[in-house]
Amino acid sequence: MIKIEELHKWFGELHVLKGINMDVADSEVVVLIGASGSGKSTLLRCVNFLEIAEEGTIAIDGKVVNPKKDIKRLPGIRQEVGMVFQHFNLFPHKTVMDNVIEGLTQVKKVPRREAIKTGEELLEKVGLSDKADVYPAMLSGGQKQRVAIARALAMRPKIMLFDEPTSALDPELVGEVLAVIQELAAEGMTMMVVTHEMGFAREVADRVVYMDEGQIVEEGSPEQIFGDPQNERTQAFLSRIL
Ligand code: ADP
Ligand code: MG
């Protein structure tokens with residue numbers, strides 16, 4: 001579903017991704033871990049083409065995307081790759097329902113009535129059917145993040161990217177968001193997830209990838225990476241956070 005080859009990204013002089021190679025199969029859940037600044041967010045943003053890598057290729061669902069040549073296709077490709085951020089970025093002046101259906105009505109030009117039907121299904125899925133008509137300010141952080149997930153799902157993506165989706169939440173609100181992500185995984189959504197929730201990573205990941213200084217240092221099953229990491233840097237990282 002995702003094939004990344006020899007990806008390099010610079011911010012000016014700063015070499016942030018140094019030759020990333022990664023395949024993500026259909027329905028696979030890959031959890032990315034690594035210290036702050038190691039390039040995890042940049043990698044996800046490249047997969048969604050919010051950042052354009054200077055070198056290397058990314059193929060989505062078998063199609064190589066060349067951002068410079070395919071610039072007209074990028075909006076369509078972005079619809080196939082949903083992304084959820086640490087900060088939810090909901091529109092404060094729109095209701096929950098209108099936040100969820102914004103992309104459907106504005107980008108996909110789905111008639112409002114039809115979009116609302118989809119919105120109702122998705123709000124039910126994330127457990128927020130009763131919040132359709134309220135404004136984001138009335139919601140807890142966990143509820144806001146679930147709205148953001150519903151909004152991303154409304155575009156019917158083939159892939160979902162989660163960048164530290166629970167890092168901004170109070171501890172007691174983390175579980176409800178992880179439960180929604182876990183359900184998506186169980187339904188077979190292809191996902192890349194950056195998280196510091198190692199218990200969750202262990203449960204949800206098919207594969208754990210450890211990144212350091214813009215490179216993949218080690219990858220394997222959760223049992224391997226958490227139970228018997230081979231690389232010194234992985235060992236040091238895990239001993240700091242576990
Ligand atoms: P992580 O998500 O693993 O914490 P990031 O991908 O956010 O890492 O950042 C990797 C490196 O790239 C960091 O050194 C960060 O400061 C730098 N960086 C990220 N985004 C930008 C940007 N837009 N401009 C310049 N430097 C950036
Ligand atoms: Mg990050």
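Residues numbered from 1 in each chain as written. Chains lettered and ligands numbered in written order. Predicted model: local features only at pLDDT ≥ 70, side-chain atom pairs only at ≥ 80, totals over all residues. Heavy atoms only, no water.

## With respect to the packing of helix 3 (residues 96-106) against helix 5 (residues 141-154)
Alright, step 1. The N-to-C vectors of helix 3 and helix 5 enclose an angle of 25 degrees; their axes lie 7 Å apart at closest approach. Put simply, helix 3 runs roughly parallel to helix 5. Crossing hand, helix 3 versus helix 5: right-handed. Between helix 3 and helix 5, the contacting residues are V96, N99, V100 and L104 on the first element and V147, A150, R151 and A154 on the second.
Alright, step 2. Grouping the constituent residues of the contact of helix 3 with helix 5 by class yields six nonpolar, one polar and one charged. (Axes fitted to C-alpha atoms, helices over the stretch in contact; angles between N-to-C directions. Helix = DSSP H or I, 4+ residues; strand = E, 2+ residues; numbered from the N terminus. Parallel < 35°, antiparallel > 145°, perpendicular 65-115°, else oblique. Left-handed = near helix turned anticlockwise from the far one by under 90°. Contact = heavy atoms within 4.5 Å. Nonpolar A, V, L, I, M, F, W, Y, C, P; charged D, E, K, R; others polar.)

## Describing the pattern of salt bridges
Alright, step 1. In this structure the tally under the stated criterion is 15 salt bridges.
Alright, step 2. For K3, the salt bridge goes to D23, with nearest N and O atoms at 3.1 Å. Separated by 20 residues along the polypeptide, K3 in strand 1 (residues 2-11) and D23 in strand 2 (residues 14-24) bring together distant segments of the chain.
Alright, step 3. Since its relative accessible area comes to 37%, K3 is described here as partly exposed. (Salt bridge = Lys/Arg side-chain N within 4 Å of Asp/Glu carboxyl O. Buried < 20%, exposed > 50% of the residue type's maximum accessible area, 1.4 Å probe, protein only.)

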